Each structure stands twice: as structure tokens, then as C-alpha cells.
Amino acid sequence: METGNGGTGGVHRWRPGDHILWRYRANGARHFHICRPVTVVRDTPELLAVWLAPGTECVRPVLADGTPPHLEPLATRYTKPRTTDRCRWLGNGLLKLARPGEPWSVWLFWDRDWRFRNWYVNLEEPRSRWSGGVDSEDHFLDIVVYADRSWEWRDEDEFAQAEMAGLLDAGQVARVRAAGQEALRLITAWGLPFSENWPSWRPDPRWRRPRLPADWRRPAPSALAPTRPDRLPDHPRAS
């Protein structure tokens with residue numbers, strides 16, 4: 001796994017074309033249940049941009065019997081035992097944009113003919129960096145933003161169910177909703193990254209598709225590991 005040109009003891013920067021991991025912890029747990037090998041597009045103090053290429057082997061959560069979570073009825077979606085499964089990323093790829101400290105990342109989707117489809121504001125824990133990538137935790141609630149600047153909430157039912165299932169406490173729910181309102185103010189003002197011309201961006205055709213490493217679930221170095229306290233007990237539930 002290529003890890004950029006940084007050393008130890010400080011924030012390192014990756015070069016365009018480097019391969020890193022973008023991982024999500026299972027909600028209320030310490031282990032990772034989502035892992036996506038991505039290619040670095042830009043890495044500056046203001047922005048991390050990465051490309052998830054079509055066909056990339058990833059890790060996703062599934063129910064213990066292999067059922068995708070979205071096919072499970074909502075009432076039991078977050079209470080049944082889970083495991084992880086390897087899969088290939090379908091579609092025309094995905095561009096992820098994240099600014100340090102913001103409790104969301106902004107994703108861009110295109111159709112196969114590179115017709116821009118929409119932005120997707122994924123509410124999540126601010127990412128922690130380590131030598132091999134970034135780690136976060138998904139917060140269920142999302143916002144879809146269209147090219148005409150209209151928007152709509154997404155997965156409000158899952159957000160409510162996650163709270164009922166004990167994956168989010170009242171304090172977390174309040175913080176996520178506050179983050180969503182902050183993101184909406186940014187969308188309304190058409191601030192960064194929406195005001196930049198990212199829909200016209202295209203990946204470098206020379207880039208190799210990154211590989212999923214065998215040790216994809218390895219812990220981040222303790223010096224760069226998340227410092228937030230464990231608020232919920234360790235269990236296999238996840239978004």
C-alpha cells in the first residue's frame with residue numbers, strides 16, 4: 001500500500017496517484033466494517049480529495065447470512081448480527097472530498113457517460129489520518145444536492161432507527177442534526193467545495209486501480225488513532 005511522502009511525528013501529505021484506505025468503523029464499535037482503497041487526487045491542509053475507481057475491491061457490512069443490510073426490514077436492520085464481505089465497486093466511480101475537522105465528506109457521482117448526477121453529503125465523524133489512510137464513522141443521515149442547487153435529506157428513517165436501536169445516543173443525535181444544519185448553510189451559500197468545478201474533473205487514465213490489502217482492518221498507529229472516548233459498547237451493529 002502506498003502511503004505518500006510523509007514521515008512520522010506530524011501530519012504527512014500524500015501525492016496525487018498515491019493509494020490509501022478510506023475506512024469506517026462499525027457504529028459504537030472499535031472494528032472496521034467498511035474499507036475502500038482509493039487514489040489520492042489532492043491532499044493539502046484545506047482539502048483531501050480521493051478517487052474510488054470502478055471495479056475496486058472493497059469491504060462492506062452484510063448480515064451474518066450474507067444479506068445486504070438495505071434488504072433487511074428497517075425494524076431489524078440494526079439488531080441482527082453482522083459480518084463483512086468483499087465486493088467490487090460498481091458504477092462510474094466516486095470522488096470524495098473532505099476538509100479537515102468537518103463532520104461530513106462530499107461525494108460526487110456521475111453516470112457512465114460522465115454526465116454529472118449529484119453531490120452527496122455524507123454526515124460522519126471527522127476523519128482521523130494515519131500513514132495508510134483516513135478513518136471515520138458514518139452517521140446515517142445524508143443530504144443529496146443536485147446540479148440546480150436543490151437538495152433533499154436522505155436516510156432519515158435509518159437515522160431514526162439507529163437511535164432506537166441504541167447506535168446513537170441523544171447527544172450524538174443532536175450533534176449530527178447540528179452538523180446537517182451547518183452543511184445546509186454551506187449548500188445554501190454555495191461555498192466550498194460546491195463552488196469549485198469538481199463536476200468537470202476526470203481521473204488520470206494512467207492511474208492504476210488500488211488493491212485491497214490483506215491487512216485492511218489493521219489498527220491505525222496509536223499516535224494517530226481517534227481520541228474520542230468510546231461512547232457505546234462494542235457490538236457488530238453498523239450503518
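Data block above holds the structure.
As the structure is a prediction and not an experimental result, all values here were calculated from the model.

## Considerations on the packing of aromatic side chains
Evaluated as defined, the whole model comprises 15 aromatic pairs. Relative to Phe 116, the ring of Trp 110 has its centre 6.2 Å away and its plane inclined at 70°; by these criteria the two rings are edge-to-face. Both residues of the pair, Trp 110 and Phe 116, count as buried. For Trp 110, a relative accessible area of 2% translates into the label buried. Grouping aromatic residues by their ring pairs yields a cluster made of Trp 51, Trp 110, Trp 114, Phe 116, Trp 119, Trp 190, Phe 194, Trp 201 and Trp 207. The ring of Phe 32 is capped by Arg 23, whose NZ or CZ atom sits 3.8 Å from the centre of that ring.

## Let's talk about empty space enclosed by the protein
For the coordinates displayed, the defined rule picks out two cavities of 30 Å³ or more. Computed from the structure, the second largest cavity encloses a volume of approximately 30 Å³. Of all the secondary-structure elements, those providing two or more residues to the lining of the second largest cavity are strand 6 (94-98) and strand 7 (104-110). Among the elements that line the lining of the second largest cavity, the one with the most residues is strand 7, at three residues. By residue class, the composition of the lining of the second largest cavity is six nonpolar, one polar and two charged.

Criteria and cut-off values
- Residues numbered from 1 in each chain as written.
- Predicted model: local features only at pLDDT ≥ 70, side-chain atom pairs only at ≥ 80, totals over all residues.
- Heavy atoms only, no water.
- Phe/Tyr/Trp six-rings, centres within 6.5 Å; stacked < 30°, edge-to-face > 60°.
- Buried < 20%, exposed > 50% of the residue type's maximum accessible area, 1.4 Å probe, protein only.
- Lys NZ or Arg CZ within 6 Å of the ring centre and 35° of its normal.
- 1 Å grid on protein atoms, 1.4 Å probe; cavity = no way out; pocket = protein on both sides within 12 Å on 5 of 7 lines; lining within 4 Å.
- Points joined across faces, edges and corners; volume = space filled by probe spheres on them.
- Helix = DSSP H or I, 4+ residues; strand = E, 2+ residues; numbered from the N terminus.
- Nonpolar A, V, L, I, M, F, W, Y, C, P; charged D, E, K, R; others polar.

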